[in-house]
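Okay, here's what each chain looks like letter by letter:
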Amino acid sequence: MASTGGVLRIQGDDNLQSMLVGTVMRKIKSRTWKKQRYFKLQEDCMTIWYKSKKAGNTHSTFSVGDVEAIREGHQSEVLLSIADEFPADRCFTLVFRGRRGNLDLVAESAEEAQSWIKGMKKLIENLENMGEREKLDQWIGDWFKKADKNNDGRMNFKEVQDLLKMMNVDMNEHHAHRLFTMADKSQSGSLEDDEFVLFYKMLTQREDVLRVFQVYTADGQKLSQSDLEDFLREEQLEGGDIQKHAKQLIERYEPSDTAKVLNAMTFDGFLMYLGSAEGSIFNPQRRGVFQDMGQPLSHYFISSSHNTYLMEDQLRGQSSVEGYIRALNRGCRCVEVDCWDGANGEPIVYHGHTLTSKILFKDVVTAVGNYAFKVSEYPVILSIENHCSVEQQRVMAQHLNHILGDKLLKSTLDGKAPIGLPSPEDLKGKILVKAKKIGGLEETFNGMVEDSLTGEVSDEDEAAEIDENNLHRESVRRRLKKSKQRLSKELSDCVVYCKSVHFSSFKHSRIHSKFYEVVSFTESKARKHLREAVALNFQTAGDGMDLNDGLFSQNGRCGYVLKPDFMKEAEKRFDPETPQQRDHYQPIILTIQVISGQQLPKVNIKEGSIVDPLVRVEIHGVPMDQAKQETRYIENNGFNPVWYDTLRFTIHTPELAMVRFVVEDYDKTSKNDFVGQYTLPLSCMQQGYRHIHLLSKDGTSIPPSSLFVHIRFTELE
């Protein structure tokens, strides 16, 4: 079984050995909540188990694969709050994927802390380096453990039936028993390791993929290299050196050494290839940074977060430095800081005029300085909503300079008056402040800005126009307020290429706006002006977040995506309402055959409930392209539903189109339940037979849940 591989890898590794034995550590939730828990790595080397010393048999577990990062020392708000009680070398934080909260731990000694930190890092690295086959074996092993209720290392037929329900399979007893008997080679009435793997393989036999394989195989047993080349050329529509690529695929995915010697691919190898990153719908050549990063900043869509400090809702949620860390670690390159006067002369960050909690401005700046460039080296924009008095603005400027040091961009790159914006490439490793500024960038160089300590700017706070109904009167009151705001010269000097200004109209902007001026809209205003939404609170899941994640999943997830040429030409204006009037207009027809689904997650916890899945494909883009179509729903089969339903879309602006695949559990009496989704730019889609690896509501993967589809683009004549 899969766990044996895990056990072999730990021989001679003291850290993993001590994790297997187990350790008592303190789990910390606050200054007052500090409780001892017993933590232990399970034999599969994939699961951490922990329990209270008092709580009898109850225990909790989490998978190593759920851990996104390990932070050493006092690197979370909770651990910072108890820094005076426990030294940094005994503290560490496990950060989970998605929206699960951190796990803050204090070990009994620095040595034990290091043992867990190094051991966890090794386990995560091991998991990341696993091949597709090992991952599948691991997954099968996990199911075996779940189903083997009496822990005797074998499964009787009753346990197998329970397992099928857990796996979302609605199979009649006769068929299940037939498979069970065929797999029970030892005729012992129960399935052991290899017998269970065989049972699983029979259960997951992919007739849909076999059909495709049979079309291209000459002898019905394997694909010769030339058969595989035909498949890549005719179905996958691949260009380049197909002969070389076919060789690489055999080398990479073919499990049989005999077939490899013959330069051939068996059905198992073919299935492995189609289930891999190369067989997925997302073009691997667009995964890394592939775009020109040397163009002016305004030529890029920039991944931006609104109310970054909020972990939950906009009106009464928790404000947290963790919000910044998560957004930056997801590739976000523009974060918002809503600043207000705080006690003891220290500016604070929170959602003004609401019940959200408050955090210190200096803690936010520290977090941004520490995490800005962990996943992307391209510039971060700190968008400051400034509601502070002049005195506290000076404190803000001091914190920015002192904490960020050389990372903070303080002047133009060459020290001369600029005539245009620099590029993301020019600004690598730099943090830019976006805020109001006294005068313009030109005056800084011709000595026009007075040396007085303060200046006045109009107090028109676009981003504060919250459109929630219960704040409507407040927002109207603030919109009417056209007073002057005092601005400290020190804070104004921190603003170079991103001066916040009020938006009057597009016509006014075209005539008067300077290249370094930036406007912010509320989403409702932006929709009114542009028919599309803007920045997001990165903590809130939903369609908007899926589209944002999908758009920025390309180009190395670096947070910058180059706009299409027609959106960069100043002299030509692109009108999304009439895309057919632009130069080089070429609409396409997108044909998607939704073939099948694999091991969809169970959404209804009701005993015996099985998913009735349907697939909806949504196109998001210019108004003419907005569309959605659905397949039929398949009754009682979340394990291997088969549709073979074809959906067709005409797309007028492919360069801006996003495609979202949504799987739902059909319910005729109430709203369908969400099962999984995957969103990507049309420009990143691969044609041919492809798997779509589904994501959960919060954007994390849910292996091995997938859809199998066939994709074709054809030009509209």
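Residues numbered from 1 in each chain as written. Predicted model: local features only at pLDDT ≥ 70, side-chain atom pairs only at ≥ 80, totals over all residues. Heavy atoms only, no water.

**Comments concerning the overall build of the chain**
Here is the rule we go by: In DSSP terms, a helix is any run of H or I states spanning at least four residues, a strand is any run of E spanning at least two, and both are numbered starting from the N terminus. A 1.4 Å probe rolled over the protein chains alone gives each residue an accessible area, and that area as a share of the maximum for its type sets the label: buried under 20%, exposed over 50%, partly exposed in between. With residues, only the protein chains shown are counted as cover, and all accessible areas are computed by Shrake-Rupley using a 1.4 Å probe.
Looking only at helices and strands, the chain features 22 helices and 28 strands. In the chain, buried positions account for 50% of the 717 residues. A total of about 33700 Å² of accessible surface is found on the chain, and carbon and sulfur atoms cover 49% of it.

**Describing the packing of helix 14 (residues 321-329) against helix 15 (residues 361-371)**
Applied cut-off: Where helices are involved, their axes are fitted lines through C-alpha atoms of the stretch in contact, as for all axes, and angles between N-to-C directions lie from 0 to 180°. What sets the label is the angle itself: under 35 degrees gives roughly parallel, over 145 gives roughly antiparallel, 65 to 115 gives roughly perpendicular, and the rest give oblique. Whether a crossing is left-handed or right-handed is set by the direction in which the near helix is turned from the far one by less than a right angle, anticlockwise for left-handed and clockwise for right-handed. The criterion used for residue contact is that any of the two residues' heavy atoms lie within 4.5 Å. The nonpolar class holds Ala, Val, Leu, Ile, Met, Phe, Trp, Tyr, Cys and Pro. Asp, Glu, Lys and Arg form the charged class, and all remaining residues, Gly among them, are polar.
Where helix 14 meets helix 15, the axes come as close as 9 Å, and the angle between the chain directions of the two elements is 20°. On the basis of their axis angle, the class for helix 14 and helix 15 is roughly parallel. Crossing geometry of helix 14 relative to helix 15 is assigned as right-handed. Across from V321, Y324, I325, L328 and N329 in helix 14, the residues of helix 15 making contact are D363, V364, A367, V368 and Y371. A breakdown of the residues in the contact of helix 14 with helix 15 according to their chemical character gives eight nonpolar, one polar and one charged.

**Structural notes on the pattern of salt bridges**
The condition is simple: Salt bridge, as used here: a side-chain nitrogen of Lys or Arg that lies within 4 Å of a carboxyl oxygen of Asp or Glu.
According to the stated counting rule, one finds 29 salt bridges in the structure shown. Put simply, D549 and R330 hold a salt bridge, and the shortest N to O gap is 2.6 Å. Highlighted residues: D549 in helix 22 (residues 543-551) and R330 in the loop between helix 14 and strand 11 (334-340), separated in sequence by 219 residues. The residue K568 makes a salt bridge to D565 at a minimum N-O spacing of 3.2 Å. Here K568 falls in the buried class, since its relative accessible area comes to 18%. Among the residues examined, D565 registers a relative accessible area of 51% and is labelled exposed.

**Describing the sheet that holds strand 6 (residues 91-96)**
Basically, it comes down to this: At least two bridges found by DSSP between two strands are what make those strands a pair.
Taken together, seven strands build an open sheet; the order of strands is 4-3-2-1-7-6-5 and the sheet is antiparallel. In this open sheet, the two strands that pair with only one neighbour each are strand 4 (60-63) and strand 5 (67-72). Direction aside, the axes of adjacent strands within the sheet are offset by 30° on average. Pairing of strand 5 with strand 6, which is carried by five bridges, proceeds in the antiparallel orientation. Paired with E72 across the bridge in strand 6 is F92.

**Notes on the confidence of the model for the chain**
Stated formally: A residue's pLDDT is simply how confident the predictor is in it, with values from 0 to 100.
Chain-level statistics for the chain give a pLDDT mean of 85 and a share of 86% at 70 or above. Contacts of residues 1-8 to residues separated by more than four positions or lying in other chains number 12 contacts, the stretch itself having pLDDT below 50.

**Remarks on the packing of helix 6 (residues 157-166) against helix 7 (residues 173-183)**
For the pair helix 6 and helix 7, interaxial distance at closest approach is 11 Å and the crossing angle is 120°. Classified by the angle their axes make, helix 6 and helix 7 are oblique. By crossing handedness, the relation of helix 6 to helix 7 is classed as right-handed. Listed contacts from helix 7 to F157, V160, Q161 and L164 of helix 6 are E173, A176, H177 and F180. In terms of residue class, the contact of helix 6 with helix 7 is built from five nonpolar, two polar and one charged.

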